[in-house]
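Fold and geometry: a report
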Amino acid sequence: MGENGQALLLMIDIRPMAATEEAAVRRLFADCHPAIPTRPPGWYVVYPTIVALLDGTVVGFTSFSVSPNPNGLLTLYGNDLCVAETVRRRGIGQELATARATLARAVGATCFIGVAERDNAPMRRIFARQGAHPCQVLRGYWQGRDAEVWTGLLS
């Protein structure tokens with residue numbers, strides 16, 4: 001990331017989503033995933049959602065859940081991570097992923113599971129930087145496109 005990306009990150013406010021920001025998060029989801037049906041009403045309020053704001057405008061978000069896996073270990077399940085096209089490749093996605101991992105660790109989560117399209121190189125890099133690795137291919141998972149399940153420990 002160059003100087004412009006670092007300067008932009010300094011201007012980004014990353015925090016939990018306010019209920020009034022759900023509409024903006026939904027618009028960003030639709031921009032990032034036009035072929036995927038929208039989430040049910042209230043989804044981003046019920047599932048913890050962290051937003052990235054630039055000058056008061058939502059430019060990124062991640063939603064997730066923390067729950068026990070079959071062995072009883074608290075696991076962070078990454079649901080969504082979207083960044084506006086105008087500010088991509090500047091580290092915002094990584095900052096959002098780090099923020100959700102930090103919150104999950106704070107409540108005792110020790111494991112991570114996420115899914116990424118096999119051709120989504122930025123998401124795959126974010127997962128790898130967090131110490132996760134691909135463990136299973138899901139054929140046709142994203143509207144006919146293959147995806148990978150990534151898993152790892154939260155360290």
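You'll find the structure just up there.
This is a predicted model, so every value here is computed, not measured.

In spatial order, the strands read S1-S2-S3-S4-S5-S7-S6; together these seven strands make up an open sheet with mixed pairing. Lying at the two open borders of the sheet, with one neighbouring strand each, are strand S1 (12-16) and strand S6 (133-142). Each adjacent strand pair in this sheet contributes to an overall mean axis angle of 25°, direction not counted. In terms of strand pairing, S6 meets strand S7 (residues 145-153) through six bridges, oriented antiparallel. Across the sheet, the residue bridging to Val137 is Glu148, located in S7. Docked against the sheet, helix H4 (residues 92-106) engages S1, strand S2 (49-54), strand S3 (57-68), strand S4 (74-83) and strand S5 (111-117), running at close to 155° with respect to S4.

Summed over the entire model, instances satisfying the criterion amount to zero disulfides. No disulfide involves Cys32; its sulfur sits 3.8 Å from the nearest other cysteine sulfur, which is in Cys82. Cysteine Cys135 remains unbridged, with the sulfur of Cys111 as its closest cysteine sulfur at 12 Å. Its relative accessible area of 44% is what places Cys135 among the partly exposed residues.

Our focus in this paragraph is the side chain of Glu117. Relative to the elements of secondary structure, Glu117 occurs in strand S5. You can call Glu117 buried: its relative accessible area is 13%. Within the structure, the side chain of Glu117 is placed 2.7 Å from the side chain of Arg145, a separation counted as a polar contact. When neighbours within four sequence positions are excluded, Glu117 is seen to be in contact with Arg124, Trp142, Arg145, Asp146 and Ala147.

This paragraph deals with a positive patch on the surface. On the surface, a cluster of positive charge is contributed by Arg88, Arg89, Arg125 and Arg129. Mapped onto the fold, Arg125 is located in helix H5 (residues 121-129). Arg125 sits in the partly exposed class, given a relative accessible area of 42%.

Looking now at unusual backbone geometry. A positive phi angle, near 55°, is found at Asp55, a position not held by glycine. The exposed category is assigned to Asp55, whose relative accessible area is 70%. Even without a glycine there, the phi angle at Arg89 is positive, about 65°. Inspection of the secondary structure puts Arg89 in the loop between S4 and H4.

Criteria and cut-off values
- One numbering rule holds for all chains: residues counted from 1, following each sequence as written.
- Totals for whole chains, interfaces and linings use every residue, but because this is a predicted model, local features are given only for residues with pLDDT of at least 70 and side-chain atom pairs only at 80 or more, for both listing and counting.
- Each side-chain value is derived from all of the structure's non-hydrogen atoms; neither hydrogens nor water enter the calculation.
- Paired strands, in this sense, are two strands between which DSSP finds at least two bridges.
- In DSSP terms, a helix is any run of H or I states spanning at least four residues, a strand is any run of E spanning at least two, and both are numbered starting from the N terminus.
- Only the stretch in contact is used when fitting a helix axis, every axis being a line fitted to C-alpha atoms; angles between N-to-C directions are given from 0 to 180 degrees.
- We call two residues in contact when some of their heavy atoms are within 4.5 Å.
- Count a disulfide wherever a pair of cysteine sulfur atoms falls within 2.5 Å.
- Accessible area is worked out with a 1.4 Å probe on protein chains only. A residue is then buried under 20% of its type maximum, exposed over 50%, and partly exposed in between.
- Polar contact criterion, stated in full: a pair of N or O atoms within 3.5 Å, where within protein one must be able to donate a hydrogen and the other to accept it, and residues adjacent in sequence count only if both atoms are side-chain atoms.
- A residue counts toward a patch only above 30% relative accessible area and without a salt bridge, and it is joined to like-charged neighbours within 9 Å or, for Val, Leu, Ile, Met, Phe, Trp and Tyr, to nonpolar neighbours within 5 Å.
- Areas reported as accessible are Shrake-Rupley estimates using a 1.4 Å probe. Residue values count occlusion only from the protein chains shown.
- When a carboxyl oxygen of Asp or Glu lies within 4 Å of a side-chain nitrogen of Lys or Arg, that pair is called a salt bridge.
- Asp and Glu are treated as the negative residues and Lys and Arg as the positive ones, with His and the ends of the chain left uncounted.
- One atom stands in for each charge, and that atom is NZ of Lys, CZ of Arg, CG of Asp or CD of Glu.

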